[in-house]
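# Descriptive structure summary
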Amino acid sequence: MRRLPVYILVQTSGAMRGEPIEAIKVGLETMVSSLRQDPFALESVHLSVITFNRYPEQILPLTELENMQIPAIAQPTAAGTHLGEALEFMCKKIDSEVVLSTPERKGDWMPLLFVMCDGRASDSQLFQQIIPVVKQKHFGSIVACLVGHNPRKENVEQFAGSVVNMDTADSSTIRSFFKWVSASVSVGNRSVGAADEIILPPPPPEVHTIV
Amino acid sequence: METIKNYLKKTGMSADENQITDFLEANENEIKSFLADLWKDQVVKPAEEALPIEAAGEQPAAAASQPAAAVSEPAAAVSEQITAVSEQAAAVSEQAAAAEAPKISTEAPKDMAKFGAATPLHEEQRKQEVLQHQIKNRQITFPNGKINQPYEVDFDAEKLQMPEIAEILFENLEAIGLQYFPEEHKIKGVPTKSGDHKVEMKFKRKDWEVGKPLLSREVMFIINPDPRELWSKNIPTPEDVEYYKPDSDKAFLKVEPKTVKDGFLGLGKKEIPRKSMVAASQRGRSHAIEGKPRDDDFALHFDSQTEWYVMVVADGAGSANYSRKGSQVACQTAKEVCANQLAKEGFSDVLDCAIGEYAKDKSEKNRADLYRSLHSEILAKAAWAAKIGIEKEAAANRRAPKEYATTLLISICKKFDFGWFVGAFWVGDGGIGIYRKEPQRLKILGEPDGGEFAGQTRFLTMPEVFSDRVRTRFEVVEDFTAVVLMSDGVTDPKFETDANLNKIEKWNALWDDLNGHNEDNAKVSFLDSSEQSAAQLLRWLDFWSKGNHDDRTIAILF
């Protein structure tokens, strides 16, 4: 049995307070529930959720879909968007959680990464240092989803294969984003292999592709 | 909800009503507890001001503005308070009942009892709300279940530490096939419905009486569907798809016994049985569920003149759009090149001679000589031709060759007086092995190309495969039970790791499996080699293995 590790990074600093964070939680639940209906996903997807503001926190360690329950995401209060620290934290998690192939052990599929943030990195120095590390992690695909007021794409463009923008971070847009994420995860499950990067299905119209 | 909608309509705000509705519904609990929290802060001060009101013994309206639910650890305080009240109004039966509620308030501030000189009815309402708030904020989760598989989980109401609650009921739990057994502290059953089920939990207070409302909250029971059921969808590939090929294929190539002169002066005749070949290829469930074509392919050939056997198996890359054609071109081309070379006048003799020399003396020189002609005159030649064939097909359609990416396994075998010669060329994953059951022998003719991550391998269309490693291998063995070529759709579930491919136990298990030791009782008869064995092999390929639903192809010389 090969696992498909899926990492979801969610910014939970003040900018995400209110509807965005609520919608993300509902979106995650809907996504997990629809992935359960996909036999590829049900047998292989392992999901991890990492939230970050000034500090990153893995609120869901890499868990198989079958036994997964999305934990509560606290309403953001803290200021500070340490995107660099969050990425560094995630890379460490990947090192310890993602299994590489050896002759004696069957490796995982290449992991997928989805980052939901406003594109700001208050720790810009660390952020710049961590980008090459992220690139070395061999993600099957990295998608950055920009939410919040006045999102900035310059930072996430540096590591994400595709960047999408949600003008309105309302619940229906976020839901359609997660629907797309689940479709992408399903596709990722099938086509990782010969291609260097997975060809994702087109995002929904509410979500604009930037890159 | 309605109020908010109406309000928005009145104010003429252009907000999308559906969005608001969705949001509010989705976040009902959070909003409620948030509001409750807000109220909490407001309540504390008025509580003291309420003292004179209590003294006055009237004015319930003032007390009504203080929602009891706002108190975060309130149960104790309230129950004590109610006791106090009930002394004043013993006649009210509701309060009398409430007085029996256990007092657990050791740390409760005594002065709390003084505030809120409400009517007994209001006190009751307050108590109810406090409990409701407590109940809502308790984290109650249940492990996920699986449809049609026994579910059992401990659920002890005592552990919720809510002394006011006498009994807990689950509403409609039976509808999903589960039941709560309070005496056993268990929820068990066999889930009958998959999905995310919201179940209403009802809490009965110790002082509950008929006609009074129960407290309640929702809990989630997640029941996973049966992957087998989800996988059972089998959509035939549309025949008008480009490069259509059937969703499964099978072949049996019977090689009749050889008649040789025997007996005194060669006057008699004797029949020497010869090995036959069988192969089958089955589209994987991952393709069947979407009506996508099979990417694997195979080809078999026997040269009756030279008695060479040729088997080819190719696995088209799942991520390449036209790999079904790539694998087909590879198999056909490789087979033809091998067949033509081996039939070429003189060549077979030269090769046989080199094999004979090597069998007699396995010296470095003999090995090198044999390798040279085997590699450059047949196997690498066939693989190279297959690669060129794919490139031509791609060019003719103005596509990149990698859109036709495929792996390739070739084996050529021949029986000699001294035993069997088996040569092989291997690009990609899957496997080629020579297996002998008695005595136990195993030779693997190469190594699977794998990467750090699952699904990464090398394909024939990659230029480096002709220079990166020794891909031509050969063995001379006394005899064998089977020479087997498999795509990774078979090796992944049956061998799991590359290391296991070299373990004879795994091959024993595979051979037993092929001979009917499996849950489907799918048996391939290798003894009375008949046409049937191809159909049997195809059926065998349908075996169930969690997470392994790739196309499966196997070719066996036996």
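Residues numbered from 1 in each chain as written. Chains lettered and ligands numbered in written order. Predicted model: local features only at pLDDT ≥ 70, side-chain atom pairs only at ≥ 80, totals over all residues. Heavy atoms only, no water.

### A short note on the overall build of chain B
For chain B, the helix and strand inventory stands at 15 helices and 20 strands. A total of 558 residues make up chain B; the buried ones form 50% of that total. Of the roughly 27,300 Å² of accessible surface on chain B, 50% is carried by carbon and sulfur atoms. (Helix = DSSP H or I, 4+ residues; strand = E, 2+ residues; numbered from the N terminus. Buried < 20%, exposed > 50% of the residue type's maximum accessible area, 1.4 Å probe, protein only. Areas by Shrake-Rupley, 256 points an atom, 1.4 Å probe, with all protein chains shown as cover.)

### Here's the deal with the confidence of the model for chain A
This prediction gives chain A a mean pLDDT of 83; 82% of its residues lie at or above 70. When mean pLDDT is taken per element in chain A, helix α3 (residues 83-97) of chain A scores highest with 96 and strand β7 (residues 207-209) of chain A scores lowest with 60. (pLDDT = per-residue confidence, 0-100.)

### Observations concerning the interface of chain B and chain A
Each partner contributes to the interface: chain B provides 42 residues, whereas chain A provides 44 residues. Counting the surface lost from both chain B and chain A, the interface buries some 3,600 Å², and carbon and sulfur atoms represent 55% of this. Between the two partners, chain B and chain A, sit three salt bridges. In this structure, A:Arg2 and B:Asp492 form a salt bridge, with 3.1 Å as the shortest nitrogen-oxygen distance. (Contact = heavy atoms within 4.5 Å. Buried area = accessible area lost by both parts, 1.4 Å probe. Salt bridge = Lys/Arg side-chain N within 4 Å of Asp/Glu carboxyl O.)

### A word on the nonpolar core
Residue and element names in this part refer to chain B. Counting residues in hydrophobic clusters, the biggest one holds 52 residues, and the most contacted among them are Val483, Trp507, Leu514, Leu537, Trp540, Ile556 and Leu557. When neighbours within four sequence positions are excluded, Leu537 is seen to be in contact with Val278, Ala279, Ala280, Leu514, Val524, Ile554 and Ile556. By size, the runner-up hydrophobic cluster in this structure holds 41 residues, among which are Val329, Cys331, Ala354 and Ile355. (Core = buried A, V, L, I, M, F, W, Y, C linked by side-chain atoms within 4.5 Å.)

### What to know about the sheet that holds strand β15 (residues 419-427) of chain B
Residue and element names in this part refer to chain B. Taken together, the five strands give an open sheet; going across it, the order is β12-β13-β14-β15-β18, and neighbouring strands pair in antiparallel fashion. In this open sheet, the two edge strands, each paired with only one partner strand, are β12 (296-303) and β18 (472-477). Between one strand axis and the next, the sheet turns through 10° on average, direction left out of account. Of the strand pairs in this sheet, β12 and strand β13 (residues 308-315) are connected by eight bridges, and their pairing is antiparallel. Bridged to Asp296 within β13 is Asp315. (Pairing = 2+ DSSP bridges. Axes fitted to C-alpha atoms, helices over the stretch in contact; angles between N-to-C directions.)

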